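# Structural characterization, general
Given next are the chains, with one letter for each unit.
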Amino acid sequence: MKVAFDLDGVLRDLIAPLESKYGFTATQWGWRVEGKDIYELMKSHYEMLTTAPTTKYKEVVDRYYAVPEIWTVQPMDWIEHTVKWINFHFPKSIVKVFSSGEGKEDWLKSYPEYILIEDTPNFKNYERVILIDQPYNRNVKTPNRVETVDQFDTMLKSWEEAYNEKWG
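Below is a short write-up of the structure. (Residues numbered from 1 in each chain as written. Predicted model: local features only at pLDDT ≥ 70, side-chain atom pairs only at ≥ 80, totals over all residues. Heavy atoms only, no water.)

## Some remarks on the packing of aromatic side chains
The geometry of an aromatic ring pair is captured by two quantities: the separation of the ring centres and the angle between the planes. The full count for this structure, using the stated rule, is 12 aromatic pairs. Considering the side-chain rings of tyrosine 57 and phenylalanine 152, the 5.2 Å spacing of their centres and the 80° angle between planes classify their relative orientation as edge-to-face. With a gap of 95 residues between them, tyrosine 57 in the loop between α3 (46-51) and α4 (58-64) and phenylalanine 152 in helix α7 (residues 149-167) connect regions that are remote in the sequence. Considered together, tyrosine 57 and phenylalanine 152 belong to a single accessibility category, that of buried residues. On the numbers, 6.4 Å between centres and 75° between planes, the contact of tyrosine 64 with tyrosine 65 is edge-to-face. For tyrosine 65, a relative accessible area of 19% translates into the label buried. Here the aromatic cluster, defined as three or more aromatic residues joined through ring pairs, consists of Trp71, Phe98, Trp107, Tyr111 and Tyr114. Against the face of tryptophan 85 rests arginine 12, its NZ or CZ located 5.7 Å from the ring centre. Over the aromatic face of phenylalanine 90 sits the side chain of lysine 58, whose NZ or CZ is 4.9 Å from the ring centroid. (Phe/Tyr/Trp six-rings, centres within 6.5 Å; stacked < 30°, edge-to-face > 60°. Helix = DSSP H or I, 4+ residues; strand = E, 2+ residues; numbered from the N terminus. Buried < 20%, exposed > 50% of the residue type's maximum accessible area, 1.4 Å probe, protein only. Lys NZ or Arg CZ within 6 Å of the ring centre and 35° of its normal.)

Structural data, given as structure tokens:
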């Protein structure tokens, strides 16, 4: 089994610095602050892309994956800053940048040996997705939701065991 990790909302926490700066809570996908979405906000705060904290799930990734595979959708103007962030926090990693979430979901469909750790509420199928619980994805019905580091660790181990049992 191969594991890929989404970046924003899974490994990089962009919400915390924005919540701190603007005093809002990202409870829905596509939220706006002062009439701007996250892409418009970042045009004034590119430094947040390089200085954002990691999420609590980084410790599990570091424990099991010496070279994590990161799948992300990034606007062109974010890529330079995102690369700096990844190089600092995950210097040994494989990174795939997609132009859309649909591209990421299509890639997952094409490679059945993968599971994806994700936070988007926009996929059609979550069968091979471990969903990181976020306020904006609570409408997604899946038994593969994790809220804590321990749940994440346990679910990764159980998926690995099930995969090895089936595929050796």
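## Section: helix α1 (residues 15-22)
An α-helical turn contains 3.6 residues, so any two residues separated by three or four positions project in the same direction. Taken residue by residue, α1 has Ile15, Pro17 and Leu18 as its buried positions. Around the axis of α1, the buried residues are gathered within 165° of arc, so they sit on the same side. Those residues of α1 hidden inside the fold are in contact with α2 (38-42) and α3. Glycine 23 occupies a position one or two residues after α1 and carries a positive phi of about 65°. (Arc of directions from axis to C-beta. Contact = heavy atoms within 4.5 Å.)

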